[in-house]
Amino acid sequence: LWLAALALPLLARAFDDTGVAAALDQFAPPEKGPETASEREKLSGGLQEIFTFLDADGDGWLQEHELVARISEESEWRYQLLYILEGMRLTPQECKQLFGLLDSDGSGAIDRREFLQGADFLRGQERKRAKEAIRLVIGGEPAMDLARSSFTETCSIDGNERCPLSRMHKDKPALIFPGGMSRCLSDTDQLFAFRVYPGDSDKLYLDFQGGGACFNEYTTMKQTMCKTGISETPTTGIYNKSDIRNPFKDYTIVQVVYCSGDLHIGGTARQYGGVVQRGYANAQTAVDWAQENLTPRLSSLVIGGCSAGSLATQMWSSRVLQTFKYEHAAVLADSYLDLFPGQTQERLLKDLGLCDTPLVSGPRKVQCSQGNLTVHTLFEDAMVAFPTVTFAQVNSKYDKTQLYFHQAVAYTSGIMPELTDGPSYLGAVNARLRRFHRHPNYVSFLINNEQHCFTPESNFYTVTSDGDAHGRRATKLVDWVASLLRPNEAKHSECIGERLSKDSWKSGGVSYCDAGTPEVAQVSDLAAAATQLWSKSGGEVGRSPHIDGVALGGPSGAGAAAGRALSA
């Protein structure tokens, strides 16, 4: 709650009905002056203790480095704080952004009066709006980007109005309100809309937005753990079409906005609070619009999403691939593997209404109705059904958001979590990836950091497989993603770190790679010889796709690469 005392006040104002940018413009610096007796009493009544804890050097001012250091500490209070904040993470970078916004006089420090004024906003409706805002920030959309961004076009599908792509401006995102059965979870604003970033009519990126999950009464009514309304227009990462490095700058991006809290698969009316979740109907309206407005045969189709959107991507991939005709397609799941505790996942999917949607049929529908179906089962079904499509996964080796959400699901379900720290999390990740890597059309990109979600973030263009490091072996994520879009280029998995066998995972920390996954770690003697020849002949080490322990996807990728290198 210490960070909440700093962050929530501003966000409560920033997300008022007057609009983000206007609200920020109206946020005037507080008048300086002596503290009143009432203010001193409030500080002594508990706030002083919080202020003192944050004020590490005891000089009476909160500095940016103090705030970042506190949120970065591995301590028990931090875990409790992150659990309170919807089980999600607040990064040091987001702390800096929030600090800059709250430092209203631009002094570079927050004094006691600013701190107190901030804490006073933690009341009633101000606190409720602020909690909604903080979820947006923690969900992966930085506060400054939210403050600067706005959509400039809206359209409602009704009667003869179809909101055609041909009428949209390529540099202006639009919100399309489809009506019908679609709706958001919010009890104050139920209108649903999907978002369109116009581009070429033969290139489609179908994007499932992330933002937590509301899967029972506690996570929906008491400690809301999902987005319940339409958030501001994202402008960073893949959504920044002005960046020449963006492999999707020419694509029409259709974003299934996430405001249903049901992983984009729901179709159920809950027995509490009049809650209705229609994530499946929401997503289907976006698919229908894309099918109506883009060319009958796409040159390129990409299905993607991060966080909760990653799980949706895995469950929706088969249906979308069946719906569209395309020359080349790829599936990109960013930052979520279905690492749920116990049997909670199976029950969760059934309770959300997955079994009654066209996403499952035949034996899978029966399996779902029995409470035995998982996300990874559906994802593997898609890999088998579409062998010419590349299925790709991006994940950090220690994604704390996934770890915290695993724990939140466990605690709110009345069981103990199975993943408790970094090594246990990475072990579960590698076990799941080892299963996926049995399929020759699957590749993965593991990153040496703790970040949750990459494709919607500004560092999508700079982060490498070694995190922020840019050594010879490190591949940029943006380059790896771009390679997925080139039909005739061999695809490879990426992981940098010591190769460890499964029996060494528990003691291996959070930076190793799985030695038992052939697509990642195994380089034959022939490939090693090819590496030497390639280097001696002037080739740049680290650029050939088989070098540095990164083997090409498919059963003969490394051998084929070695043959080409030897020929060169």
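Residues numbered from 1 in each chain as written. Predicted model: local features only at pLDDT ≥ 70, side-chain atom pairs only at ≥ 80, totals over all residues. Heavy atoms only, no water.

Points about the overall build of the chain
Okay, so step 1: When its secondary structure is counted, the chain shows 21 helices and 17 strands.
Okay, so step 2: Here the chain holds 568 residues, and the buried ones make up 58% of them.
Okay, so step 3: Considering only contacts within the chain whose residues lie at least 6 apart along the sequence, 71% involve residues at least 24 apart.
Okay, so step 4: Counting only carbon and sulfur atoms, one obtains 50% of the accessible surface of the chain, whose full area is about 22800 Å². (Helix = DSSP H or I, 4+ residues; strand = E, 2+ residues; numbered from the N terminus. Buried < 20%, exposed > 50% of the residue type's maximum accessible area, 1.4 Å probe, protein only. Contact = heavy atoms within 4.5 Å. Areas by Shrake-Rupley, 256 points an atom, 1.4 Å probe, with all protein chains shown as cover.)

Section: the environment of Asp-503
Okay, so step 1: Among the secondary structure elements, Asp-503 is positioned in the loop between β16 (499-500) and β17 (513-514).
Okay, so step 2: On the accessibility criterion, Asp-503 (69% relative accessible area) is exposed.
Okay, so step 3: At a separation of 2.5 Å, a polar atom in the side chain of Asp-503 contacts the side chain of Ser-501. (Polar contact = N/O pair within 3.5 Å; in protein donor to acceptor, adjacent residues only side chain to side chain.)

Notes on the nonpolar core
As a rule of thumb, soluble globular proteins bury nonpolar side chains together.
Okay, so step 1: With 85 residues, the main nonpolar core has Leu-263, Trp-289, Leu-301, Trp-316, Leu-321, Leu-354 and Phe-391 as its most contacted residues.
Okay, so step 2: Considering every element that reaches this core, the biggest residue donor is helix α12 (residues 308-323), with seven residues.
Okay, so step 3: Contact partners of Leu-263, with chain neighbours within four places excluded, come to Gly-212, Ala-213, Tyr-258, Ala-308, Leu-311, Ala-312, Met-315, Leu-348, Leu-349 and Leu-352.
Okay, so step 4: In this structure, Phe-248, Val-394, Ile-447 and Phe-460 belong to the second largest nonpolar core, which totals 24 residues. (Core = buried A, V, L, I, M, F, W, Y, C linked by side-chain atoms within 4.5 Å.)

Quick notes on the side chain of Thr-228
Okay, so step 1: Residue position: Thr-228 is located in the loop between α10 (217-222) and β7 (251-256).
Okay, so step 2: Setting aside anything within four residues of it in sequence, one finds Thr-228 in contact with Cys-184, Leu-185, Ser-186 and Cys-259.

A few points about the packing of α12 against helix α15 (residues 375-385)
Okay, so step 1: The contact between α12 and α15 brings their axes to 8 Å, and the two run at 45°. Between α12 and α15, the interaxial angle falls into the category oblique. Seen from above, α12 lies across α15 with left-handed handedness. Between α12 and α15, the residues in contact are Leu-311, Gln-314, Met-315, Ser-317 and Ser-318 and Val-375, Leu-378, Phe-379 and Ala-382, respectively.
Okay, so step 2: Classifying every residue of the contact of α12 with α15 by side-chain character gives six nonpolar, three polar and no charged. (Axes fitted to C-alpha atoms, helices over the stretch in contact; angles between N-to-C directions. Parallel < 35°, antiparallel > 145°, perpendicular 65-115°, else oblique. Left-handed = near helix turned anticlockwise from the far one by under 90°. Nonpolar A, V, L, I, M, F, W, Y, C, P; charged D, E, K, R; others polar.)

Notes on the confidence of the model for the chain
Okay, so step 1: For the chain, the average pLDDT comes to 77, and 68% of its residues sit at 70 or higher.
Okay, so step 2: Every residue in residues 75-90 is under pLDDT 50, and counting partners more than four places away or in other chains gives 51 contacts. (pLDDT = per-residue confidence, 0-100.)

Let's talk about the pattern of salt bridges
Okay, so step 1: Evaluation of the coordinates by the stated rule reveals 12 salt bridges.
Okay, so step 2: Note that Asp-200 is salt-bridged to Lys-203, the shortest N-O span being 3.8 Å.
Okay, so step 3: Exposure remark for Lys-203: the relative accessible area of 22% places this residue in the partly exposed category.
Okay, so step 4: Here the salt bridges do not stand alone but share partners, grouping Lys-170, Asp-200 and Lys-203 into one network. (Salt bridge = Lys/Arg side-chain N within 4 Å of Asp/Glu carboxyl O.)

Looking at the state of the cysteines
Here, disulfide denotes a covalent bond that connects the sulfur atoms of two cysteines.
Okay, so step 1: Considering all chains together, one arrives at six disulfides under this definition.
Okay, so step 2: Of note for the chain: the bonded cysteines, numbered N- to C-terminal, pair according to 1-2, 3-6, 4-5, 7-10, 8-9, 11-12. (Disulfide = S-S within 2.5 Å.)

Some words on the sheet that holds strand β15 (residues 442-447)
Okay, so step 1: Ordered by their spatial adjacency, nine strands build an open sheet running β3-β4-β5-β7-β6-β11-β13-β14-β15, and the pairing between neighbours is mixed. Bordering the open sheet on either side are β3 (153-156) and β15, each of which pairs with just one other strand. Mean inter-strand twist for the sheet, computed between neighbouring axes without regard to direction, equals 20°.
Okay, so step 2: Note: β3 against strand β4 (residues 174-177), four bridges, orientation parallel. Directly across from Glu-153, in β4, lies its bridge partner Ala-174.
Okay, so step 3: On top of the sheet, helix α17 (residues 422-436) reaches β14 (390-396) and β15; it is set at about 160° to β15, its chief contact. (Pairing = 2+ DSSP bridges.)

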